[in-house]
Amino acid sequence: MFDLSGRTAFITGSGQGLGAVIAHTLSDQGASVILNDLFADRADGVAAEINAAGGNAVTAIGDISDLDALRVAKDAAEAAIGSTVDILINNAGIPAGGMNLEKFLDTDPSTWHRQVDLNGYGTFNTCYVMVPGMLDKGWGRVVTIVSEGGRIGDPGVAVYGAAKAMGMTFMKSLANEYSRFGVNFNSISLGTFGAPGAFSQEHQDRMARNYATKRLGTWADIAPAVLWLASEEAGWVTGQTIPINGGYATS
């Protein structure tokens, strides 16, 4: 079950964090993986780990908000790995330099484009470049990582949430346009994660009280859902936004 042998996955933002865990998970199930990241040293490190474990990984370094650069990186990576992309994981979502929690009227308008460029245009670009090849094959999977900040409307992340909501709606529209040809499009909407160093332990404990599980998420909570949506077994799942949030919206 969930065997990805013979498939090739392109994973954005896969030099660290969730993207790296997704890359390892898909590789463990037999997929060849193309690791996209802004920083070559990060992607090279993950690729080395996967190849040392017997997988097949190459890197595609560059900014997905640059359409022409993305085309070049994708073509070079496909040539290096020896196959074309049929699984796309839109994971990149936090701009270089990070982001702050702040009310909308306290934000600097000059920073808004960073979220829209990455989460909006970046996702448009990857689909524009990768989906035609999937349509040619008559099989493909696109999974976009979005946020409960966009699905529910959490305070402090208005611009980030709005940019993530673009990805949710985009997946639904593409599903209606192209899933009849064998390519499925879905989103996974994430709750808050206890990433090391992101918050103090006291703050993490306080946030966890808002969750039915009384804990924040880990990357390992997400990767199996990505694997399922990328697999043959998810063939009748498309146009959906699946929340993985520890029961946040329930509690």
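Details of the structure are given in the entry above.
Residues numbered from 1 in each chain as written. Predicted model: local features only at pLDDT ≥ 70, side-chain atom pairs only at ≥ 80, totals over all residues. Heavy atoms only, no water.

Chemist: Just to check I follow, could you spell out the overall build of the protein chain for this structure?
Modeler: Summing up its helical and strand segments, the protein chain has eight helices and seven strands in all. For 251 residues, the compact-globule formula gives about 18 Å, and the C-alpha radius of gyration of the protein chain, at 17 Å, lands near that figure. Over its C-alpha atoms, taken along the principal directions, the protein chain stretches across nearly 45 × 40 × 35 Å. Taken across its 251 residues, the protein chain has 47% of its residues classed as buried. Expressed as a percentage of contacts within the protein chain between residues at least 6 apart in sequence, the contacts between residues at least 24 apart total 72%. In the protein chain, 16 positive and 25 negative side-chain charges are present, and the distance between their average locations comes to 7 Å. (Helix = DSSP H or I, 4+ residues; strand = E, 2+ residues; numbered from the N terminus. Rg over C-alpha atoms; globule rule 2.2 N^0.38 Å. Buried < 20%, exposed > 50% of the residue type's maximum accessible area, 1.4 Å probe, protein only. Contact = heavy atoms within 4.5 Å. Lys, Arg positive; Asp, Glu negative; His and termini not counted. Charge placed at Lys NZ, Arg CZ, Asp CG, Glu CD.)

Chemist: How do you make sense of the packing of aromatic side chains when you look at a structure like this?
Modeler: Within a pair of aromatic rings, the relevant descriptors are the distance that separates the centres and the angle that separates the planes. Scanning all chains against the criterion turns up four aromatic pairs. On the basis of an interplanar angle of 25° and a centroid distance of 5.3 Å, the ring pair of F104 and W112 is categorised as stacked. Three or more aromatic residues joined by ring pairs make a cluster, and in this case those are Y121, F124 and F170. For the cation-ring pair, R7 lies above W139, with the distance from its terminal atom to the ring centre recorded as 3.5 Å. (Phe/Tyr/Trp six-rings, centres within 6.5 Å; stacked < 30°, edge-to-face > 60°. Lys NZ or Arg CZ within 6 Å of the ring centre and 35° of its normal.)

Chemist: What is the right way to look at unusual backbone geometry in this model?
Modeler: Among all residues save glycine, negative phi is the norm, and among peptide bonds the norm is trans. Positive phi values are uncommon outside glycine, yet F2 reaches one of about 65°. As for its position among the elements, F2 is in the segment before β1 (8-11). On the basis of relative accessible area, F2 is assigned to the partly exposed category, the value being 22%. Positive phi, normally seen in glycine, also occurs at K214, with a value near 60°. Following the sequence through the fold, K214 ends up in the loop between α7 (201-208) and α8 (223-229).

Chemist: Honestly, the pairing of strand β5 (residues 140-147) in this entry has me stumped. Any pointers?
Modeler: Across a regular strand the side chains alternate sides, sitting on one face of the sheet and then on the other. When you tally the buried positions in β5, you get eight out of eight residues, the bulk of the element. Burial along β5 is two-sided: the residues G140, V142, T144 and V146 and R141, V143, I145 and S147 are all buried. Pairing between strand β4 (residues 87-90) and β5: four bridges, direction parallel. By the bridge assignment, I89 is partnered in β5 with V143. As paired strands, β5 and strand β6 (residues 183-190) are joined by eight bridges and run parallel to one another. Of the residues in β6, the one forming a bridge with V143 is N186. (Pairing = 2+ DSSP bridges.)

Chemist: Explain the sheet that holds β1 here, please?
Modeler: Backbone hydrogen bonds are what pair the strands of a sheet, in a parallel or an antiparallel way. Spatially, seven strands are ordered β3-β2-β1-β4-β5-β6-β7 in an open sheet, and the strand pairing comes out parallel. The open sheet is flanked by β3 (57-61) and β7 (241-244), the only strands paired with a single partner. Here the average twist between neighbouring strands, direction ignored, is 20°. Bridge analysis of strand β2 (residues 32-37) against β3 gives five bridges, and the strand direction is parallel. Within β3, the residue paired with N36 across the bridge is A60. Helix α3 (residues 67-81) contacts β1, β2 and β3 of the sheet and is inclined by roughly 165° relative to β3. Each of β1, β4, β5 and β6 touches helix α4 (residues 112-137); the most contacted strand, β4, lies at about 170° to it. (Axes fitted to C-alpha atoms, helices over the stretch in contact; angles between N-to-C directions.)

Chemist: Could you clarify how one ought to interpret the environment of G156 in this entry?
Modeler: Relative to the elements of secondary structure, G156 occurs in the loop between α5 (148-151) and α6 (158-178). G156 sits 85 residues away from R71 along the chain, and the two C-alpha atoms are 34 Å apart. In contact with G156, not counting residues within four places along its chain, are N100, L101, E102 and K103.

Chemist: Please clarify how the side chain of N186 should be interpreted in this entry.
Modeler: Relative to the elements of secondary structure, N186 occurs in strand β6. Here the side chain of N186 touches V237 through a polar contact of 2.9 Å, landing on its backbone oxygen. Among the polar contacts made by the side chain of N186, one reaches the main-chain amide nitrogen of G239 at a distance of 3.3 Å. Those residues in contact with N186 that sit more than four places away from it in its chain are V142, V143, T144, M171, L229, V237, T238, G239 and Q240. (Polar contact = N/O pair within 3.5 Å; in protein donor to acceptor, adjacent residues only side chain to side chain.)

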